Amino acid sequence: MARQVRVRFAPSPTGEPHVGNIRTALFNWLYARHMGGVFILRIEDTDVARKVEGALEAILASLRWLGLDWDEGPEVGGPYGPYVQSQRLKLYEEAARKLVEGGDAYHCYCSPQRLQEMREEQTRRKQPTGYDRRCRHLDEGERARAKAQGIPPVVRFKMPLDGQTPFDDLIRGEVTFANETQDDFVILKSDGYPTYHLASVVDDHLMEITHVMRADEWLSSTPRHVRLYDALGYEKPLFAHLPIILGPDRSKLSKRHGAVSVLHYRDTGYLPEAMGNFLALLGWSLDDHTEVIPREELIRHFSIERIGKAGAIFSQEKLAWMNGMYIRQMSQEALAGRILPTLEEALPAAVSRPLSGEYVHAITPLVQERLKTLADAPPLMDFFFLEELEYPHEELVQKGLDRDSTRKALEAALGRVAALDAWSAPSLEDVLRPLAGELEMKTGQLFGAIRVAVTGQRAAPPLFETMAVLGRDRCTRRLRAAIERLVSR
RNA sequence: GCCCUCAUCGUCUAGCCGGCCCAGGACGCCACCCUUUCAAGGUGGAGAUCAGGGGUUCGAAUCCCCUUGGGGGCACCA
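Owing to the predicted nature of the structure, the values given are computational and were not obtained by experimental measurement.

Reading the values: rules and limits
Position numbers for residues count from 1 along each chain, tracking the sequence in the order it is written. Each chain is given a letter, starting from A, and each ligand a number, starting from 1, according to the order in which they appear as written. Per-residue local features of the predicted model are confined to residues with pLDDT of at least 70, and side-chain atom pairs are confined, for both listing and counting, to 80 or more; whole-chain, interface and lining totals are unaffected and use all residues. Hydrogens and water are ignored here; the side-chain numbers use all heavy atoms of the structure. Only Phe, Tyr and Trp rings take part, Trp by its six-membered ring, and two of them pair if their centres are within 6.5 Å. Stacked means planes under 30 degrees apart, edge-to-face means over 60, and tilted covers everything else. Helix and strand labels come from DSSP, where a helix needs a run of H or I of at least four residues and a strand needs a run of E of at least two; each type is numbered from the N terminus. Partly exposed residues are those whose accessible area sits between 20% and 50% of the maximum for their type, while under 20% is buried and over 50% is exposed, using a 1.4 Å probe and protein chains only. A molecule or strand has a residue near it when one of that residue's heavy atoms lies within 4 Å. Think of a polar contact as two N or O atoms within 3.5 Å of one another; within protein, one of them needs to be a possible hydrogen donor and the other a possible acceptor, and neighboring residues in sequence only count if both atoms come from side chains. Inter-axis angles, ranging from 0 to 180 degrees, are taken between N-to-C directions of lines fitted to C-alpha atoms, where helices are fitted over the stretch in contact. Here roughly perpendicular refers to angles of 65 to 115 degrees, roughly parallel to angles under 35, roughly antiparallel to angles over 145, and oblique to all remaining angles. Any two residues whose heavy atoms approach within 4.5 Å are treated as being in contact. By the convention adopted, Pro, Cys, Tyr, Trp, Phe, Met, Ile, Leu, Val and Ala count as nonpolar, Lys, Arg, Asp and Glu as charged, and the other residues, Gly among them, as polar. What pLDDT conveys is the predictor's confidence in a given residue, as a value from 0 to 100. Start and end positions for the domains come from either an automated domain assignment or a database one. Any two cysteine sulfur atoms within 2.5 Å of one another count as a disulfide. Strand pairing is defined by DSSP finding a minimum of two bridges between the two strands. Side-chain atoms within 4.5 Å are what join buried Ala, Val, Leu, Ile, Met, Phe, Trp, Tyr and Cys residues into a set we call a nonpolar core. The handedness criterion is simple: a crossing whose near helix is rotated anticlockwise from the far helix by less than a right angle is left-handed, and one whose near helix is rotated clockwise is right-handed. Here, the term right-handed applies to a crossover whose path from the first strand over the helix to the second runs clockwise when the strands point away from the viewer. Each salt bridge in this description consists of a side-chain nitrogen of Lys or Arg and a carboxyl oxygen of Asp or Glu lying within 4 Å of one another.

1. Re the packing of aromatic side chains
Logical step 1: Going through the model one piece at a time under the given rule, you end up with 15 aromatic pairs.
Logical step 2: Judged by centre distance (5.1 Å) and plane angle (85°), the ring pair of F447 and F464 falls under edge-to-face. Here F447, found in helix α17 (residues 443–455), pairs with F464, found in helix α18 (residues 463–470); they are 17 residues apart in sequence, far enough to count as distant. The residues F447 and F464 share a single accessibility class, namely buried.

2. What to know about the protein's contact with RNA strand B
Logical step 1: Around RNA strand B, the structure places 65 residues, and the nearest of them are K189, E369, R370, R451 and A460.
Logical step 2: Within 4 Å of the protein, the contacting atoms of RNA strand B are drawn from sugar and phosphate to the extent of 72%.
Logical step 3: Interatomic distance of 2.4 Å between a backbone N/O atom of E369 and a sugar or linking oxygen of RNA strand B.
Logical step 4: Backbone polar atom of A460 to a base nitrogen of RNA strand B: 2.5 Å apart, as the coordinates give it.
Logical step 5: Those elements that provide at least two residues to the surface near RNA strand B are α4 (112–124), β4 (154–157), β6 (173–178), β11 (312–313), α11 (316–329), α17 and α18.

3. Some remarks on the packing of helix α12 (residues 332–346) against helix α13 (residues 357–367)
The description of two packed helices rests on the angle between their axes and on the distance between the axes.
Logical step 1: The contact between α12 and α13 brings their axes to 9 Å, and the two run at 105°. The pairing of α12 with α13 is recorded here as roughly perpendicular in orientation. Every residue of α13 that contacts α12 at Q332, E333, L335, A336, I339, L340 and L343 is listed here: V360, H361, T364, P365 and V367.
Logical step 2: Residues that form the contact of α12 with α13 fall into these classes: eight nonpolar, three polar and one charged.

4. Considerations on the confidence of the model for chain A
Atom-level detail of predicted coordinates should not be read off regions where pLDDT is low.
Logical step 1: Averaged over every residue, the pLDDT of chain A is 95; residues scoring 70 or more account for 99%.
Logical step 2: Of the two predicted TM-score estimates for the complex, the pTM is 0.94 and the ipTM is 0.95.

5. Description of the domain arrangement of chain A
Logical step 1: Its domain assignment divides chain A into domain 1 (89–242), domain 2 (255–329), domain 3 (332–377) and domain 4 (393–488).
Logical step 2: Once you take the C-alpha centre of each, domain 2 and domain 4 turn out to be 43 Å apart.

6. Brief notes about the state of the cysteines
Logical step 1: Applying the stated criterion to the full structure yields zero disulfides.
Logical step 2: Not part of a disulfide, C108 finds its nearest cysteine sulfur in C135, a span of 3.7 Å.
Logical step 3: A disulfide-free cysteine, C135 has its sulfur positioned 3.5 Å from the sulfur of C110, the nearest such atom.

7. Some thoughts on the sheet that holds β4
Logical step 1: Here we have three strands laid out as an open sheet, ordered β3-β4-β7, and antiparallel in their pairing. Because the sheet does not close on itself, it has two edges, and the strands there are β3 (105–108) and β7 (186–188). Across the sheet, the mean angle separating the axes of adjacent strands is 45° when strand polarity is ignored.
Logical step 2: As defined by bridge partners, β3 adjoins β4 across four bridges and the pair is classed as antiparallel. What sits directly across from A105, in β4, is F157.

8. Focus on the nonpolar core
Logical step 1: In this structure, F314, F385, L410, L432, I450 and M467 are the most contacted members of the largest nonpolar core, which totals 110 residues.
Logical step 2: Not counting residues within four places of it along the chain, the set of residues in contact with M467 comprises V417, W423, L428, L432, I450, V454 and C475.
Logical step 3: If you look at the next biggest cluster of nonpolar residues, it comprises 33 residues, including Y83, L188, V202 and Y234.

9. Side note on helix α7 (residues 222–232)
Logical step 1: Here α7 lies mainly inside the structure; eight of its 11 residues are buried.
Logical step 2: The positive-phi residue at the C-terminal boundary of α7 is G233, with phi of around 75°.

10. A word on the packing of helix α15 (residues 403–418) against helix α16 (residues 425–438)
Logical step 1: For the pair α15 and α16, the least separation of the axes is 10 Å and the interaxial angle reads 150°. By the criterion of interaxial angle, the relationship of α15 to α16 is roughly antiparallel. For the crossing formed where α15 meets α16, the hand is right-handed. The residues of α16 that touch α15, namely those facing A409, A412, A413, R416 and V417, are L428, V431, L432, L435 and E438.
Logical step 2: Among the residues forming the contact of α15 with α16, the class breakdown is eight nonpolar, no polar and two charged.

11. Details of the pairing of strand β9 (residues 238–242)
Logical step 1: Extensive coverage of β9 is indicated by the burial of four of its five residues.
Logical step 2: Sheet analysis places strand β8 (residues 211–215) next to β9, joined by five bridges and oriented parallel. Its bridge partner lying in β9, M213 is registered against A240.
Logical step 3: The parallel pair β8 and β9 is bridged by α7, and the resulting crossover is right-handed.

12. Quick notes on helix α2 (residues 55–65)
Logical step 1: Residues A55, A58, I59, L60, S62, L63 and W65 constitute the buried set of α2.
Logical step 2: Residues of α2 that are buried in the fold lie against β1 (6–9), α1 (19–35), β2 (38–41), α8 (262–267) and α9 (272–280).
Logical step 3: The positive-phi residue at the C-terminal boundary of α2 is G67, with phi of around 75°.

13. What about the side chain of Q122?
Logical step 1: Of note, Q122 is situated in helix α4.
Logical step 2: Relative accessible area serves as the criterion here: at 12%, Q122 is assigned to the buried category.
Logical step 3: Once you skip the residues sitting within four places of it in the chain, Q122 turns out to touch Q127, P128, T129 and G130.

14. Looking at the environment of D376
Logical step 1: With respect to the helices, strands and loops of the structure, D376 is situated in the loop between α13 and α14 (377–381).
Logical step 2: For D376, a relative accessible area of 28% gives the class partly exposed.
Logical step 3: Among the polar contacts listed, one links the side chain of D376 to the backbone nitrogen of K372, at a separation of 2.9 Å.

15. Thoughts on the pattern of salt bridges
Logical step 1: Going through the model one piece at a time under the given rule, you end up with 37 salt bridges.
Logical step 2: For the salt bridge of E235 with R3, the shortest nitrogen-to-oxygen distance reads 3.9 Å. Taken together, the residues E235 in the loop between α7 and β9 and R3 in the segment before β1 connect sequence positions 232 residues apart. Both residues of the pair, E235 and R3, count as exposed.
Logical step 3: Across the pair R172 and D216 runs a salt bridge, and its minimum N-O distance is 3.4 Å.

Spelled out as structure tokens, the structure:
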């Protein structure tokens, strides 16, 4: 039996995770679940300066919102912990020391200023940029002198000077880098923290990660990792570099493209099911026609083989459509349950709380197929809750009618409706539909006037159902108010 | 500048171990139907000489080469 699959999502707590990061998490999670493997969450907080307060919480919240549960990691623990790199510093120091002692790494005393000047000079001369290896060649005396000056050194890894570093990528195939294009990169910073390269290699090994599935931007540093694995005597994991998610301008998706935070989508009324489905389709496909894929199906069918190679633009429009699909698929109960809190939050303060769950439940089927996001609900439903409707009285006057005829029509409608025994959609329709003919106007004209009177809007859910839910009292009051508006200019 | 990488409708993509593809689906867009408005739904349409050029082959979106274009990387950031 093959070894159990162990994959990880390894974000750094530098802000709210964006959709690209989470897509990486999703792919790892799907793969783990598909293979009956283990999904590990590891926090890569080795950059003290970039650490952002609350970022870890945002990461956990994002994953939880999307239903991406981790088998090992923060808050759940596991046999390979701790899962936060700042708590594993000794491990990296030890690895770095071993490398130095074994001749695979060395201390470097070059100042940041010198490195910067070196890079500028290289750029000016249109030379490839990279560390010039000065400290690799220090003799005993120079080394002792630098040490004596008390300069805190960094540790650099000795990349081979010639030859090649090839590796297999599950998505790209074989990728080869010429070693002469590689420089001696830093593995341990002067503050004692490791860089990503060292920390991720050490941890992936210690945590027995079998597949490193990460964003494509890591492809070019993979030869470093390959060399590190070899020097450390570690067995290498399999690599899979995921295509990048792009903004509309085809550059890597970032804040400047607008809404990229996963939590933002949560807060603006997107469903995690829809988000997950949409993200899964960004770089992966099931076949030539399936778009809406339930989570269990995603797990059942997910495979690395069907991950594409080209970057994909994040399409807000398609996400919105997908979200609408999921909203329409929901049960009335479930949807009402999700709408209620957004209403509580977004409706004007004048509307008394708490809102009636029963009432919301009654309205829900009227708006269900009109929602793209949950955030669409409040403006679509507010007239169900407001006491006074605000609208310009001209809205009442439908095309082909004037003030007077509209007023008369509304008066007639009010009369019919007030006399009704049973207040229901069918009975309202029974009495109002014939009225249009009697008034010699089109149904659209009559109904349009009533709609504005009763909802304050030209576009609203079906009239009779709406009136039925609103109730006799509200409807007759609103009809009277509308007539009043037309009388007093 | 150097290294790596990618390339099918505006977008996401299927097809890519060659013929079933003068390229299929979806989003968006446009019509029409349904209809009391708005949606939803239905039907249809526009939209890709498969980046371009060379090969290989009876036959190429599919294989090879080159070019072009895009993207990513080139930190004591991840």
